[in-house]
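# Coordinate analysis (summary)
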Amino acid sequence: MGIIDINKQPWTTLYLAYYIAALVFGRWPYWTIKYIPRSNRPRQAWTLTRCLIVKTFQYLFSCPVDISPGVVPAAPTIIPDSQLTDAKSNWVEPIPNELFTGEIRRYADITGVQPARVPGYWLLKKGYNWTGPKAKPGEKTLLHLHGGAFTAGSAQPSDTTANLTRGLLQYSEKLQRTFAVDYRLSVAPPAPPTNPFPAAVLDGLAGYWYLVHEAGFEPQNIILAGDSAGGNMVVAIVRHLLENPVPTLPLPGHLLTASTVLDLAMTHDGPESSAILNAPTDIFDIPPPGVVFALDSVEAYLGPLPFEEAKTNRYISPVSRFVKPGPEGLFKGFPNTFVVAGGAERLEDDSKEFIAGLKRDGSNVIHEIPPDAVHDLMVWTWHNPERIEVLQKLAQWIDDMP
């Protein structure tokens, strides 16, 4: 969310003040009365509080005023350790040339993207005795790429998406620390297009290289994890490593995706799709029929690439109806995978298609899709009991790893 300059945009400021006042003094009282009877609630299992929270999210997302910064991102900065609690910061160097190959390299040449140095952050279990980034023998860790529709969010410990890894640290006995990469965010017009695909994928790949070659973790002890847009990136990283094997960087042992967007062109959209059926119960505003979900963000991620790439590119939309599998399928050789989604979210079908693809191609996958959960349920601390239940199952999955 950008900062509105009252002197330069007085009418925008007044409208936003009106919009918030209408929420507080109009919508909230109306929704409270409307949803007191359980039969009126979007999901009858929801509490009144959850109804109000979800409707508030929808209302805010539907604000017609563009308050995004609309500027080219500044050079990356890192928060010093002295300003962090239960966290440490670390710069991540660009990937070496031996990893900058294949389709990722080809598309980088088209979009003008180069590997870059980016910040990274360790999140620590409370009471963890930090002695540096080096892995202990047999230690497990998790590399997290945050959500945010490719254009928002941060790996900083204060970001809402850090609640996912904080929850895993809380409930897992073996997981003592996780690492998150502050990858480059895409920007779309009116600002000059910046950091399109595959910039964020390169940054995530650099984070994985860092864990293996700088911190010394064994690949089999690393969980590659992403929520929402971050899940799209981790799937692309696995694909890159499978299609362009490098002896010095084997696949990670495990993959975790949560509420992942894997079909940016919404090619499975239809009357019975989750994009339509779950639109009234997800946290986002309800777009007109036929409009691509988060179109501005999709265009920002594509940059100069034509929209057709959102339909046909296996690195961008691997579960699209128009992506043609090879002789061995699209997901053969993927690591052991845990897929989380919400049964009340618009992107539920993306996860279901991913699960079906993994099973079809012989890869191991387990999943949790609570029927009344919204998008990215593990980052919302109000989303209980589902959040705690899923985190506990994930923690057990981690603790049971050999």
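A few points on the structure.

How each quantity is defined
Counting from 1, residues in each chain are numbered in the order their sequence is written. Restriction of local features to residues with pLDDT of at least 70 applies here, the model being predicted, together with a cutoff of 80 or more for giving and counting side-chain atom pairs; totals for whole chains, interfaces and linings are based on all residues. Working from all heavy atoms in the structure, the side-chain values ignore hydrogens and water. Secondary structure elements are taken from DSSP: a helix is a run of H or I of four residues or more, a strand is a run of E of two residues or more, and numbering for both begins at the N terminus. When we talk radius of gyration, it's over C-alpha atoms, and the globule rule is simply 2.2 Å times the number of residues to the 0.38. With a 1.4 Å probe rolled over the protein chains alone, any residue whose accessible area is under 20% of its type maximum counts as buried; one over 50% counts as exposed, and the rest are partly exposed. Pairs of residues are marked as contacts when any of their non-hydrogen atoms sit within 4.5 Å. Methods summary: accessible areas were calculated by the Shrake-Rupley approach with a probe of 1.4 Å, and residue burial reflects only the protein chains presented. The rule for a salt bridge is simple: a side-chain nitrogen of Lys or Arg has to be within 4 Å of a carboxyl oxygen of Asp or Glu. Lining residues are defined by having an atom within 4 Å of a point belonging to a cavity or pocket. Those points lie on a 1 Å grid over the protein atoms alone, cavities being sets where a 1.4 Å probe fits but cannot get out and pockets being open sets with protein on both sides within 12 Å along at least five of seven lines. Grid points are joined across faces, edges and corners, and a volume is the space filled by probe spheres set on the points. Each Phe, Tyr or Trp ring, with Trp reduced to its six-membered ring, pairs with another whose centre is within 6.5 Å; inter-plane angles below 30 degrees give stacked pairs, above 60 give edge-to-face pairs, and intermediate values give tilted ones. Over a ring means this: the NZ of a Lys or the CZ of an Arg is within 6 Å of the ring centre and within 35 degrees of the ring normal. Residue polarity follows a fixed list, in which Ala, Val, Leu, Ile, Met, Phe, Trp, Tyr, Cys and Pro are nonpolar, Asp, Glu, Lys and Arg are charged, and the others, Gly among them, are polar. Each axis is a line fitted through C-alpha atoms, taken for helices only over the stretch in contact, and angles between the N-to-C directions span 0 to 180 degrees. Comment on the angle field: the value is read as roughly parallel under 35 degrees, roughly antiparallel over 145, roughly perpendicular from 65 to 115, and oblique elsewhere. In this description, strands pair whenever DSSP reports at least two bridges between them. When the strands point away from the viewer, a crossover counts as right-handed if the path from the first strand over the helix to the second runs clockwise.

Scanning the protein for helices and strands turns up 11 helices and 8 strands. In terms of overall size, the protein behaves like a compact globule, its C-alpha atoms giving a radius of gyration of 21 Å where 402 residues would be expected to give roughly 21 Å. Oriented by its inertia axes, the alpha-carbon framework of the protein measures out at about 60 × 50 × 45 Å. Every one of the 402 residues in the protein was classed for burial, and the buried ones make up 53%. A sequence separation of at least 24 residues applies to 77% of the contacts in the protein between residues at least 6 apart. As displayed, the protein has an accessible area near 17,600 Å², and 57% of this comes from carbon and sulfur atoms.

Moving on, we come to the pattern of salt bridges. With the rule as written, the count across this model stands at 12 salt bridges. Between K126 and D86 there is a salt bridge, and its shortest N-O distance comes to 3.4 Å. With K126 in the loop between β2 (118-124) and β3 (141-145) and D86 in the loop between α2 (48-61) and β1 (87-92), this residue pair connects regions lying 40 residues apart in the sequence. Among the residues examined, K126 registers a relative accessible area of 71% and is labelled exposed.

Before going further, it helps to spend a moment on empty space enclosed by the protein. For the coordinates displayed, the defined rule picks out 1 cavity of 30 Å³ or more. If you trace the largest cavity, you find 13 residues lining it, with L123, A155, A162, T165 and A180 closest to the centre.

Let's shift gears to the packing of aromatic side chains. What the rule picks out here adds up to 22 aromatic pairs. For the pair Y19 and Y59, a centre-to-centre distance of 4.2 Å together with 15 degrees between the ring planes defines the contact as stacked. Highlighted residues: Y19 in helix α1 (residues 10-35) and Y59 in helix α2, separated in sequence by 40 residues. With a centroid separation of 5.1 Å and an interplanar angle of 55 degrees, the aromatic rings of F61 and F284 are classed as tilted. Taken together, the positions of F61 in helix α2 and F284 in the loop between α7 (274-277) and α8 (295-302) put the pair 223 residues apart, joining distant regions of the chain. Taken together through their ring pairs, the aromatic side chains of F57, F61, F284, F293, W380 and W382 make up a single cluster. Sitting above the plane of the Y107 ring, R106 keeps its charged end 4.6 Å from the centroid. When the ring centre of W122 is taken as origin, the NZ or CZ atom of R177, which lies over that ring, is 4.6 Å away.

Its volume calculated, the second largest pocket comes out at about 180 Å³. In terms of lining, the second largest pocket is formed by T85, D86, L123, L124, K125, K126, R166, L169 and Q170. Those elements that provide at least two residues to the lining of the second largest pocket are β2 and α4 (162-171). Looking at the lining of the second largest pocket, its residues break down into 3 nonpolar, 2 polar and 4 charged.

Between helix α5 (residues 199-214) and helix α6 (residues 229-243), whose axes approach to 9 Å, the crossing angle comes to 70 degrees. In terms of orientation, α5 and α6 fall into the roughly perpendicular class. Counted together, A200, V201, G204, L205 and Y208 of α5 and M233, A236, I237, H240 and L241 of α6 form the full contact between these two elements.

Next up on the list: the pairing of strand β4 (residues 177-181). Of all the 5 residues making up β4, 5 are buried; the element is thus mostly covered by neighbouring parts of the structure. Residue alternation in β4 divides its side chains into two sets, R177, F179 and V181 and T178 and A180, and both sets are buried. The pairing of β2 with β4 spans 5 bridges and is antiparallel. For W122, the partnering residue across the bridge sits in β4 and is F179. Sheet topology note: the β3/β4 ladder contains 3 bridges and is parallel. Looking across to β4, one finds that L142 is bridged to T178. A crossover connection joins β3 to the parallel β4 through α4; in handedness this β-α-β unit is right-handed.

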